Amino acid sequence: MKACFIGLGYIGLPTSIISAKNGIEVLGVDINPKVVELTNRGELHIVEDGLDTLLKEVVANGAFRASTEPEESDAYFIVVPTPFKGDHEPDISYVEAATRSVIPFLKEGDLYVIESTSPIGTTELMSKLIFSERPELEGKIYIAYCPERVLPGNIIQELEENDRVIGGLDEASTDKAIEFYRQFVKGELHRTNSKTAEMCKLTENSSRDVQIAFANELSIICEKAGINVWELIRLANRHPRVNILQPGCGVGGHCIAVDPYFITADYPMEAKIIASARQINNYKSFWCHEKVENAMLRFELREGRKPTVAMMGLAFKPNIDDLRESPAKSITLKLLQSCPDANILVSEPNVSEFNGLDLVSYKEAYERADIIVFLTAHKEFVELAQEKQIELESKVVLDFCGVLKNKK
Ligand code: SAJ
């Protein structure tokens, strides 16, 4: 069978590669000619451990090709971004454009699947679009929604091992989509309808957002009460039915900080906890920025000179190089803006260049700074914190991400 994946980003590319590795002839489509060119050369344009070898293998054996245009295939997968517009309204224009691009190629018996995170009802909406252009195909093609749920950094393993939820517009569509994913998914394939599958994806990420908001709220309360939040959470989690997540400097990435808005936009009156969680997690970044500014002011009053500040980490979570929607990045940028005359050192071990700014090695940043701000718990920082007698040095340390939590 031949499958056509529209979108060669963080999810579309790995999924195309795994499909090709499992005996499916795959065409990967992306509107960016640079991505297509690199992919056809067997070069990865994203960072993901182990994926480059697999890409080279499937390009070399002819199982996988990339193009800027779709071709006639047996199955089509829409794996394009669904960002939100200015007012947090979901923007499904990429899903619509991708769907329009495959409509001319559809024939009887084909499978069309949306994987992109989408507001409830998008699959039905796209089916209406398809049948308005190709009424003769009504009842003759299979349409389903199957959200991805892989964790960046662990994509290959999770693509094969995670369970998947598959929601067809009808039972036959669910069957057909299950038949496809069965070729490479070892996890269970759970059947449902398209609306439930769409909501399931939004629910998974909103649930994590709500849980992180709880941890972030605790961290703000604890700061005021003079309690170590890391110790508190560790102790509370010793209860057999309590499992609190970790606070941080906000929630980043392009999923958890985005998807809950797809629910709040459509259900503003009903989605109370989901909306509050978004507010709390966004507020946590403002709170961290204020804490840094206050620490700088206090230092200046006490010492009679401006402090040197080390902003440690820019990525949106530990041990990756992804800066998209990163609260660490936005706090640092805001500080550079609000304190243009300050001595601010920025360190991010996983990135070589940022906004034309000279990044400083984390060891140098630590040595030179009076105020150390841990924003992302990269392993390098955790090791550094273990090695150094931070508590004996006259440095001010703001640990927003738990770098010091296991310090012996
Ligand atoms: N974070 C915390 N505290 C925690 C855990 C995470 O502050 O205890 C922060 C991280 O630092 C980061 C953000 O949350 O800024 C998101 O990181 P993450 O590791 O929780 O998730 P993502 O965005 O990398 O991937 C999520 C995953 N969803 C869930 O775990 C429910 C992944 O399985 C999805 O496939 C992915 O979103 C997606 O594509 O939707």
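See the structure above.
Below you will find a few notes about this structure. (Residues numbered from 1 in each chain as written. Predicted model: local features only at pLDDT ≥ 70, side-chain atom pairs only at ≥ 80, totals over all residues. Heavy atoms only, no water.)

## A word on the overall build of the protein
To keep things clear, this is the line we draw: Secondary structure is summarised from DSSP: a helix means a run of H or I of at least four residues, a strand means a run of E of at least two, and numbering begins at the N terminus for each. Atoms counted for the radius of gyration: C-alpha only. Globule rule: 2.2 Å times residue count to the power 0.38. Any two residues whose heavy atoms approach within 4.5 Å at even a single point are treated as in contact. Each accessible area value is a Shrake-Rupley result obtained with a 1.4 Å probe; residue values ignore everything except the protein chains displayed when judging cover.
Across its full length, the protein holds 14 helices and 12 strands. Against the globule reference of 22 Å for 408 residues, the protein gives a C-alpha radius of gyration of 24 Å, in line with a compact fold. Its C-alpha atoms put the protein at 80 × 50 × 40 Å along the principal axes. Sequence-distant contacts in the protein: of pairs separated by 6 or more residues, those separated by 24 or more amount to 71%. Of the roughly 19,200 Å² that the protein leaves accessible, carbon and sulfur atoms contribute 51%.

## Regarding the site of the ligand
This is how it is decided: Near is defined per residue: the residue qualifies when any heavy atom it owns lies within 4 Å of the molecule or strand. A 3.5 Å cut-off defines polar contacts: any pair of N or O atoms within that distance qualifies, except that in protein one atom must be a possible hydrogen donor and the other a possible acceptor, and neighbouring residues in sequence count only when both atoms are side-chain atoms. Residues are grouped as follows: Ala, Val, Leu, Ile, Met, Phe, Trp, Tyr, Cys and Pro are nonpolar; Asp, Glu, Lys and Arg are charged; every other residue, Gly included, is polar.
In the region of the ligand, 18 residues are neighbours, and Glu148, Val150, Lys201, Arg208 and Phe316 sit closest. Taking Phe316, its main chain carries an N or O atom lying 2.7 Å from an oxygen atom of the ligand. Split by residue class, the shell around the ligand holds 9 nonpolar, 3 polar and 6 charged.

## Structural notes on helix α14 (residues 379–387)
The condition that has to hold: Throughout this description, buried means an accessible area under 20% of the type-specific maximum (1.4 Å probe, protein chains only), exposed means over 50%, and partly exposed covers the range between. By definition, the arc is the one covered by directions from the helix axis to the C-beta atoms.
Of the positions making up α14, those classed as buried are Glu380, Phe381, Leu384 and Ala385. Mapping the buried residues of α14 onto a view down its axis gives an arc of 135°, with all of them on the same face.

## Observations concerning the pairing of strand β8 (residues 189–193)
Operational definition: Strands pair, by our definition, only if DSSP identifies at least two bridges between them.
Across 5 bridges, the pairing between strand β7 (residues 164–168) and β8 is parallel. Opposite Val165, over in β8, you have His190 as the bridge partner.

## Side note on the nonpolar core
As a reminder, the rule being used: Definition of nonpolar core: a set of buried residues of the types Ala, Val, Leu, Ile, Met, Phe, Trp, Tyr and Cys, connected through side-chain atoms within 4.5 Å.
Grouped together as the largest cluster of nonpolar side chains are 39 residues, with contacts concentrated most on Ile17, Phe64, Phe77, Val113, Phe180 and Tyr181. Ignoring any residue separated from it by four or fewer positions in sequence, one finds Phe180 in contact with Met1, Ala3, Phe5, Ser19, Ile24, Phe77 and Leu111. Core analysis: the next-biggest nonpolar cluster, separate from the first, contains 28 residues, Val292, Phe299, Ala315 and Ile331 among them.

## What to know about the sheet that holds strand β12 (residues 396–399)
Our working rule: Throughout, an axis means a line fitted to C-alpha atoms (over the contacting stretch in the case of helices), and angles, computed between N-to-C directions, take values from 0 to 180 degrees.
Taken in spatial order, the 4 strands make up an open sheet running β10-β9-β11-β12, and their pairing is parallel. The open sheet has two edge strands, β10 (343–347) and β12, and neither has a second partner. The mean angle between the axes of side-by-side strands here comes to 15°, regardless of whether they run parallel or antiparallel. By the bridge criterion, 5 bridges tie strand β9 (residues 308–312) to β10 in an arrangement that is parallel. Paired with Val309 across the two strands is Ile344, which belongs to β10.

## Side note on the packing of helix α1 (residues 12–21) against helix α3 (residues 51–60)
Short version of the rule: Note on terminology: angles under 35 degrees are roughly parallel, angles over 145 are roughly antiparallel, angles of 65 to 115 are roughly perpendicular, and the others are oblique. The crossing is said to be left-handed when, going from far helix to near helix, the turn is anticlockwise and less than a right angle, and right-handed when the turn is clockwise.
Between α1 and α3, whose axes approach to 10 Å, the crossing angle comes to 55°. Relative to α3, α1 is oriented oblique. When the axes of α1 and α3 are compared, the crossing they make is left-handed. Across the interface between the two elements, Pro14, Ile17, Ile18, Ala20 and Lys21 from α1 touch Leu51, Leu54, Leu55, Glu57 and Val58 from α3.

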